[in-house]
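Residue-level listing of the chains:
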Amino acid sequence: MKRELGVCYYPEHWGEAVWEEDAARMKSLGLSWVRIGEFAWSRIEPKPGAFNFEWLDRAIDVLGAAGLKVVMSTPTATPPRWMVQKYPDMLALDEAGQPRRFGSRRHYCFSHLPYRDECRRIARALGERYGNNPHIQAWQLDNEYGCHDTTLSYSPHAEAGFRAWLKEKYGTLGALNAAWGNVFWSMEYATFKGIGLPNQTVTEPNPAHMMAFRRYSSDQVAAFNRAQADVLKSYTSVPLIHNYMGRITEFDHFDVAADLDIASWDSYPLGFLWDRIDTTEVHRKRFLRQGDPDFQAFHHDLYRAVGDGRWWVMEQQPGPVNWAPYNPAPLTGMARLWAWEAYAHGAETVCYFRWRQAPFAQEQMHSGLLRPDGKPAPAFAEVEHLSEELALLPDVAPHQADVAIVFDYPSCWAWEVQPQGADFHYFRLVYEQYRAARSLGLSIDFVQSWSPQIPTYKLLLVPGLMTMPAILRDMLAQFEGTSLIGPRTNSKTTEFSIPTPLPPDLPGLDCTVEFVESLPPNVKYQLEGGGAFRHWAERLTGEAEVALTRHDGAPAVMSSGNMHYVGGWPDREGWERLIASACEAQGIATVRLPEGVRIRETGRHRFAFNYNSTAVTLDGVRIPAAGVHWEDL
Ligand code: GAL
């Protein structure tokens, strides 16, 4: 498959006079795709039921006639003013019970069923009109579910929906009270109507109650998406896509993806450095104009799994953005590097956000490929160069990595519900492990905890998995590769209680977590031979072999053959040691890469990316600042 380029375009922001010229310029820049329509509801349906499609018909014609493929979107992330007047109770309520008001976007509550019907209705209207339009080669549903903290809503609609969901799940109040342990603090319920949402309690609510609400809320995102997907599927057979965001974990992306054909995500490396990554000022300064060297790759790998192999970057940062606390310009070369990195991780298409910088409204300070006056912005030339390179390069062949990490959204909710220590974040735990593995030159896949692919990997990492499904336990019992499991893995039942036998309860491994400790910053347990546990440490007992010991003599890792349980949160050196020795056992080559340099292997090439602002030499090859190098395997 040829890798492609695209751009996000808002015909409704510009006079029709420029559409033709814009389309011709996109085409001559080497772009294949143009995404439109995701915020255009007030222009498509200015009044309830009164559609105005003519302008959109013309826009699609102009873009299509220029030879561009259109991604048409449903505009449901931006319900217009009349919609909110029609349904004042469709607004999401925050944890304090305050409405998230009209005047920006994503102001709807996922549990509001009349709004969900309105979304079906607009999807139907669009499907009827454009389902067979030959220029439309893909659809995007809504825009960035969950962004701006919008998955959870504490509205009366959410409360009613939650009660119905509980009734369906537990059947009886006896079962619910027993599952949650409501005898504790006299929290037993006598009616489903008596169950409220877990906000505004005096001290923490029952974690089982909170976990159930998190599962319910995630299900609503999937159901909301499914409502539109089902409608569109009856009008079109081209792929359906959603654009996910970076480090949004409040809903299970795998569940949403089950109704779609392609996963995509919106990559803003310089903004994410400030608001999505737990790191130091020194690190931020070093990568200020490049972004964190692992954050983009992490999401590329995760969304490749979410899309079951098919994924895009739907929005790629081209220059300074407007929304982070500080918005520097990317180093020259980064707009090209970010795209190459996406292709190396398997992206089919990379679309830049946006074509022309808007001179008005919230994002007037957000750059595009063109300046507000229509002249090229700095990224334009990079994209020009990139499209020439893409035409020359042989295809980027898909490739299964040797190493897989289990990623599980409910585990993220579980450790938010009851972190047991201020620094315990699931995302952070997985991310640090991923970073350590990548700094050893490894390519990585993500898998779900029950994936039938698991036995085909040589090294399996299972950090912080709340509950181990029986199928994974069985696969581990037979696993021929090496597994590194923990910390905190299999430490709760699905109903959020401590299981018996006590964790980790792994097949053939006589090891028990007797108690756990969370640690404040700067308190560490040093490990024999280097590295330390921080944030979290477990007291391991049992007859299994002690493969690594802490300085205080307590077991740090206990093992049986190639299965290892890690009883703490290793620092960078700790993870690197553990992963390197697991790789050695499996004959997987590792290399200590220079800081800011990362490798990704595809079926035919080894790509190297230099995120530094200075050149580096890798295996005798000089890679310039913000440079990409590839060689045949
Ligand atoms: C994305 C969003 C776009 C635009 C962009 C700005 O999160 O999907 O509509 O707001 O951010 O960086």
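Engineer: Please give an account of the overall build of the protein chain that cites residues and values.
Structural biologist: A tally of regular secondary structure across the protein chain gives 18 helices and 24 strands. For 633 residues, the compact-globule formula gives about 26 Å, and the C-alpha radius of gyration of the protein chain, at 25 Å, lands near that figure. C-alpha extents for the protein chain along the principal axes are approximately 75 × 70 × 40 Å. Taking all contacts inside the protein chain whose residues are at least 6 apart in sequence as the whole, residues at least 24 apart take part in 71%. For the protein chain, the accessible area works out to roughly 24,000 Å², and carbon and sulfur atoms hold 51% of it. In the protein chain, 60 positive and 76 negative side-chain charges are present, and the distance between their average locations comes to 4 Å.

Engineer: Would you mind going over the site of the ligand in detail, with residue names and values included?
Structural biologist: In the region of the ligand, the neighbouring residues are Phe 39, Arg 105, Asn 143, Glu 144, Met 245, Asp 266, Tyr 268, Glu 315, Trp 323, Phe 353, Glu 363 and His 366. A distance of 2.6 Å separates an oxygen atom of the ligand from a polar atom in the side chain of Glu 144. Residue composition of the shell around the ligand, by class: five nonpolar, two polar and five charged.

Engineer: A description of the sheet that holds strand β6 (residues 262-267) should follow, citing residues and the corresponding values.
Structural biologist: The strand order around the closed barrel formed by eight strands is β1-β2-β3-β4-β5-β6-β7-β8, and the pairing between neighbours is parallel. Averaged over all neighbouring strand pairs, the angle between strand axes comes to 30°, with direction disregarded. Pairing of strand β2 (residues 33-36) with strand β3 (residues 69-73) involves four bridges; the strand directions are parallel. Residue pairing for β3: Arg 35 is matched across the bridge by Val 71. Here helix α5 (residues 113-130) sits on the sheet in contact with β3 and β4 (136-140), set at roughly 175° to β4. Most of the contacts of helix α13 (residues 334-344) go to strand β8 (residues 349-352), to which it runs at about 150°, and overall it touches β1 (4-8), β7 (311-316) and β8.

Engineer: Please give an account of the domain arrangement of the protein chain that cites residues and values.
Structural biologist: What the domain assignment reports for the protein chain is domain 1 (4-154 + 221-392), domain 2 (403-586) and domain 3 (604-632). One C-alpha centre belongs to domain 2, the other to domain 3; they are set 32 Å apart.

Engineer: Tell me what's going on with the packing of aromatic side chains, and back it up with residues and numbers.
Structural biologist: Two aromatic rings are characterised by how far apart their centres lie and by the angle between their planes. Counting across every chain of the model gives 56 aromatic pairs. Positioned above the aromatic ring of Trp 415 is the side chain of Arg 488, whose terminal nitrogen or guanidinium carbon lies 3.9 Å from the ring centre. Above the face of the Phe 424 ring, Arg 488 is positioned so that its terminal group lies 4.5 Å from the ring centre.

Engineer: Can you break down the pattern of salt bridges residue by residue, with the values?
Structural biologist: As enumerated under the stated definition, the model contains 40 salt bridges in all. In this structure, Glu 159 and Arg 163 form a salt bridge, with 3.4 Å as the shortest nitrogen-oxygen distance. Of this pair, Glu 159 and Arg 163 both sit in helix α6 (residues 156-170), separated by four residues, roughly a single helical turn. Between Glu 432 and Arg 534 there is a salt bridge; the shortest N-O distance is 3.0 Å. Here Arg 534 lies in strand β15 (residues 532-541) and Glu 432 lies in helix α16 (residues 426-439), a separation of 102 residues in the sequence. Counted as one network, the salt bridges with shared partners bring together Asp 292, Asp 294, Glu 341, Arg 435, Arg 438 and Arg 598.

Engineer: Explain a nonpolar patch on the surface to me, using residue names and the numbers behind them.
Structural biologist: Residues Val 183, Phe 184 and Trp 185 make up a contiguous nonpolar surface patch of roughly 390 Å² in combined accessible area. Relative to the assigned elements, Trp 185 resides in the loop between α7 (173-180) and α8 (207-233).

Engineer: Give me the lowdown on the packing of helix α3 (residues 54-65) against α5, citing residues and values where you can.
Structural biologist: As a packed pair, α3 and α5 sit with axes 12 Å apart at the nearest point and diverge in direction by 50°. Regarding the angle of α3 to α5, the classification is oblique. Remark: the crossing between α3 and α5 carries right-handed chirality. Here Glu 54, Leu 56, Asp 57 and Ile 60 of α3 come into contact with α5, specifically with Leu 126, Arg 129 and Tyr 130. Grouping the amino acids of the contact of α3 with α5 by side-chain chemistry returns four nonpolar, no polar and three charged.

Conventions we followed
Residues numbered from 1 in each chain as written. Predicted model: local features only at pLDDT ≥ 70, side-chain atom pairs only at ≥ 80, totals over all residues. Heavy atoms only, no water. Helix = DSSP H or I, 4+ residues; strand = E, 2+ residues; numbered from the N terminus. Rg over C-alpha atoms; globule rule 2.2 N^0.38 Å. Contact = heavy atoms within 4.5 Å. Areas by Shrake-Rupley, 256 points an atom, 1.4 Å probe, with all protein chains shown as cover. Lys, Arg positive; Asp, Glu negative; His and termini not counted. Charge placed at Lys NZ, Arg CZ, Asp CG, Glu CD. Near = heavy atom within 4 Å. Polar contact = N/O pair within 3.5 Å; in protein donor to acceptor, adjacent residues only side chain to side chain. Nonpolar A, V, L, I, M, F, W, Y, C, P; charged D, E, K, R; others polar. Pairing = 2+ DSSP bridges. Axes fitted to C-alpha atoms, helices over the stretch in contact; angles between N-to-C directions. Domains from an automatic or database assignment. Phe/Tyr/Trp six-rings, centres within 6.5 Å; stacked < 30°, edge-to-face > 60°. Lys NZ or Arg CZ within 6 Å of the ring centre and 35° of its normal. Salt bridge = Lys/Arg side-chain N within 4 Å of Asp/Glu carboxyl O. Patch = residues over 30% accessible without salt bridge, like charges linked within 9 Å, V, L, I, M, F, W, Y side chains within 5 Å. Parallel < 35°, antiparallel > 145°, perpendicular 65-115°, else oblique. Left-handed = near helix turned anticlockwise from the far one by under 90°.

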